[in-house]
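# Survey of secondary and tertiary structure
Spelled out from the first residue to the last, the chains are:
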Amino acid sequence: MKASGNHAPGKTSKPAENSLLSPLTAPARHRGKPKEKSLLRGRFIRSRLPDVEVFSASLPFDRRLYRHDIQGSAAHARMLGRVGLLTPNETNAIAAALKEIEREIESGRFRFDLADEDIHLAVERRLTEKIGAAGGKLHTARSRNDQVALDLRLYLRDEISSVIHLLRALVRSLGAVARHHLETVMPGYTHLQRAQPISLAHHLLAHIEMLERDRERFEQALVRTDVMPLGAGAIAATTLPIDRKAVARELGFKQIAANSVDAVSDRDFALDFLAAAAILAIHLSRMAEEIILWTTAEFGFAELPDEFCTGSSMMPQKKNPDLLELIRGKSGRVTGNLVALLTVLKALPLGYNSDLQEDKESVFDTLDTLKPMLSLMAQLWPRITFNTEAMGAAAGGFALATDLAEYLVRRGVPFRQAHETVGALVRELSAAGRTLSELTLAELQNLSPAFQADALKMLTPEHSLRARKVVGGPAPETVRRRLAELAHRRVL
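Because the structure is predicted, anything quoted here is derived from the model rather than measured. (Residues numbered from 1 in each chain as written. Predicted model: local features only at pLDDT ≥ 70, side-chain atom pairs only at ≥ 80, totals over all residues. Heavy atoms only, no water.)

### Concerning the packing of helix α7 (residues 200–225) against helix α18 (residues 476–488)
The condition is simple: For every element, the axis is a line fit to its C-alpha atoms; helices are fit only across the contacting stretch, and the angle between N-to-C directions ranges from 0 to 180 degrees. Only DSSP runs of H or I reaching four residues or more are called helices, and only runs of E reaching two or more are called strands; each is numbered from the N terminus. If you view the pair so one helix is near and one far, a crossing is left-handed when the near helix is turned anticlockwise from the far one by less than a right angle, and right-handed when it is turned clockwise. Two residues form a contact once any of their heavy atoms are found within 4.5 Å. Just so you know the grouping, Ala, Val, Leu, Ile, Met, Phe, Trp, Tyr, Cys and Pro go in nonpolar, Asp, Glu, Lys and Arg go in charged, and all remaining residues, Gly too, go in polar.
One way to put it is that α7 packs onto α18 with a least axis distance of 10 Å and a crossing angle of 35°. In the crossing of α7 with α18, the sense of the turn from one axis to the other is left-handed. In this structure, α7 uses Ala-201, His-202, Leu-205, Ile-208 and Glu-209 to contact α18, whose residues at the interface are Val-479, Arg-482, Leu-483 and Leu-486. In terms of residue class, the contact of α7 with α18 is made up of six nonpolar, one polar and two charged.

Given below as structure tokens:
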């Protein structure tokens, strides 16, 4: 729990502004006002200590669930009306007042009070102020345990859809860049050492494949989030004749939680989201790292646009990739949020426990971190300037050694023998300060009689690239087909 500020008994707090993001008002009974009856203190004689109230409240961060809390409450009220637990007048009064409360919160006129503990009680308290005793009937057949599970599922359902939309935008951005670089040759790297020629388009498609797996994971998480827990009550449902299916239909849920104990204790859906987000953040971090490397003087493959860079406070020449470094760094934050919730859940017995209050900050922070990362990366890629000449120059040399070995294989030489022969050639050339493109036909034939005149023609990065036509390979025609497949599936 990260509620801010401590309130000592008897001290007066500065009145808070009424913004959603502003600090909360201290509990009324600690501001010299007459004591107000808490909605949950009937069991107790004494009020909670102010410090306990501050530490326990989730209202400072769960306020952002207000729309979904009101949405769920309105559907619940209409169901109570249909089954006869509310009169038509009570149902209409509750529905109208909930709309007014939503407008109050949106406009900043709603006064949040830390004594309410969470957004659920804040809304209910205001509802009762507005319509009296009828407001106290809204919580019929409902617990905060199933209410908070409902709110978080409604919220995540919307937010996961938003993340998927941003993911698609990044994929389309990469696809647009790839279409312009089908024949831009660059070195593919293994162990961060030049390995074999590929194209820039092929490299970008590798990132698209990764992001498409991310999209699939978020869509799977969305399916598991789309389960309605309301009606589970505190743990054992209710003896009252509620209609869970009607509420699920109104809220657009495809499934209803089948077990009341699981319904209030399940946070697997939040873990699914956080796990998908952590993997995506790692993918974005790897992407950022590559761009950082490419834009160094040592690589010289690309240049970042000014509007995505920062300077140095001391060194006038610097053009730093701070945005990409922060994307790389924030991946640790997103991964940490997954580990935090896993740790919260690891020893919880079934049923609701207040530990579960810690689920929301991990989810909220991950969304607040991940969505800008996706948006900014999608904006960056089309603005990068690529040095295709430097890329092509780096793709030659010993990166063509495998092509020579496979030339021998096509002429019947066993691959292990061809590998050893070309390896020895690379060793000798390297020691002499020469490279493969400088070889003569006579030198090749001295190495192996299997070499013919056409062997020299293949010692260019462009030839190597065009020759790699297998499915999934980097040849321009292969990459072009893959782009067409993705466009046909409306990925691009």
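Moving on from the coordinates now.
### Comments concerning the side chain of Glu-104
As a reminder of what qualifies: A 3.5 Å cut-off defines polar contacts: any pair of N or O atoms within that distance qualifies, except that in protein one atom must be a possible hydrogen donor and the other a possible acceptor, and neighbouring residues in sequence count only when both atoms are side-chain atoms.
Mapped onto the fold, Glu-104 is located in helix α4 (residues 88–107). A polar contact of 3.0 Å, which involves the side chain of Glu-104, links it to the side chain of Lys-130. Among residues more than four places away in sequence, those in contact with Glu-104 are Arg-109, Phe-110, Arg-126 and Lys-130.

### Considerations on the nonpolar core
Across soluble globular proteins, nonpolar side chains show a tendency to be buried alongside one another. Cut-off, in case you're wondering: As used here, the term nonpolar core means buried Ala, Val, Leu, Ile, Met, Phe, Trp, Tyr and Cys residues forming a set that is joined through side-chain atoms within 4.5 Å. Remark: exposure states derive from per-residue accessible area (1.4 Å probe, protein chains only) relative to the maximum for the residue type, with buried under 20%, exposed over 50%, and partly exposed in between.
By size, the foremost hydrophobic cluster in this structure holds 106 residues, and its most contacted members are Phe-218, Met-377 and Trp-381. Looking at this core element by element, the count peaks at 16 residues for helix α10 (residues 268–294). Setting aside residues up to four positions removed in sequence, Trp-381 forms contacts with Leu-170, Ser-173, Leu-174, Val-177, Leu-204, Met-287, Ile-291, Trp-294 and Phe-386. Residues Leu-408, Val-413, Leu-429 and Leu-439 belong to the second largest nonpolar core, which totals 19 residues.

### Looking at unusual backbone geometry
Although it is not a glycine, Leu-192 adopts a positive phi angle of roughly 60°. Tracing the chain through its elements places Leu-192 in the loop between β1 (185–190) and β2 (193–199). One non-glycine residue, Ala-237, adopts positive backbone phi at about 60°. Mapped onto the secondary structure, Ala-237 falls in the loop between β3 (227–228) and α8 (244–251). On the basis of relative accessibility, which here comes to 39%, the residue Ala-237 falls in the partly exposed class.

### Quick look at the confidence of the model for the chain
Convention followed: On a range of 0 to 100, pLDDT expresses the predictor's confidence in each residue.
Confidence in the prediction for the chain averages 92 pLDDT; 91% of positions are at 70 or higher. Long-range and interchain partners of residues 1–18, a stretch whose pLDDT sits below 50, account for 31 contacts in this model, where long-range means more than four residues apart. Here residues 28–35 scores under 50 on pLDDT; set against residues more than four positions off or in separate chains, the count is 16 contacts.

### So, the pairing of β1
On any regular strand, side chains alternate: one points to one face of the sheet, the next to the other face. The test is simple: At least two bridges found by DSSP between two strands is the condition for calling them paired.
Sheet topology note: the β1/β2 ladder contains six bridges and is antiparallel. Within the sheet, the bridge partner assigned to Gly-188 lies in β2 and is Gln-196. The turn joining β1 and β2, which pair antiparallel and follow one another in sequence, is formed by two residues; a positive phi near 55° is taken by His-191.

### Some words on the packing of aromatic side chains
Selection criterion: The pairing test for Phe, Tyr and Trp rings, Trp by its six-membered ring, is centres within 6.5 Å, and the orientation test on the planes gives stacked under 30 degrees, edge-to-face over 60, and tilted for anything in between.
A full pass over the atoms with the stated rule returns six aromatic pairs. Ring plane angle 45° and centroid distance 5.8 Å describe the contact between Tyr-189 and Phe-299, whose orientation is recorded as tilted. Taken together, the residues span a long stretch of sequence, with Tyr-189 in strand β1 and Phe-299 in the loop between α10 and β5 (302–303) at a distance of 110 residues. What makes Phe-299 partly exposed here is its relative accessible area of 22%. For the pair Phe-218 and Phe-273, a centre-to-centre distance of 6.0 Å together with 55° between the ring planes defines the contact as tilted. Of this pair, Phe-218 sits in helix α7 while Phe-273 sits in helix α10, and the two are 55 residues apart along the sequence. With a relative accessible area of 0%, Phe-218 lands in the buried category. Overall, Phe-273 belongs to the buried group, its relative accessible area being 0%. Following the ring pairs from residue to residue traces out a cluster consisting of Tyr-189, Phe-299 and Phe-301.

### So, the pattern of salt bridges
Condition: By salt bridge we mean one thing: a side-chain nitrogen of Lys or Arg within 4 Å of a carboxyl oxygen of Asp or Glu.
A complete count under the given rule lists 37 salt bridges for this structure. One salt bridge connects Glu-212 with Arg-215, and the closest N-O pair in it is separated by 2.7 Å. Pair noted here: Glu-212 and Arg-215 are both in helix α7, with a separation of three residues, about one helical turn. Among the residues examined, Glu-212 registers a relative accessible area of 7% and is labelled buried. By relative accessible area, which is 9% here, Arg-215 ends up buried. A salt bridge links Arg-217 to Asp-214; the nearest nitrogen and oxygen atoms lie 3.1 Å apart. Taken together, the residues Arg-217 and Asp-214, both in helix α7 and three residues apart, mark about one turn of the helix. A residue is classified by how much of its surface remains accessible, and Arg-217, at 24% relative accessible area, is partly exposed. One continuous salt-bridge network, built from bridges that share partners, spans Glu-100, Glu-104, Asp-116, Arg-125, Arg-126, Glu-129 and Lys-130.

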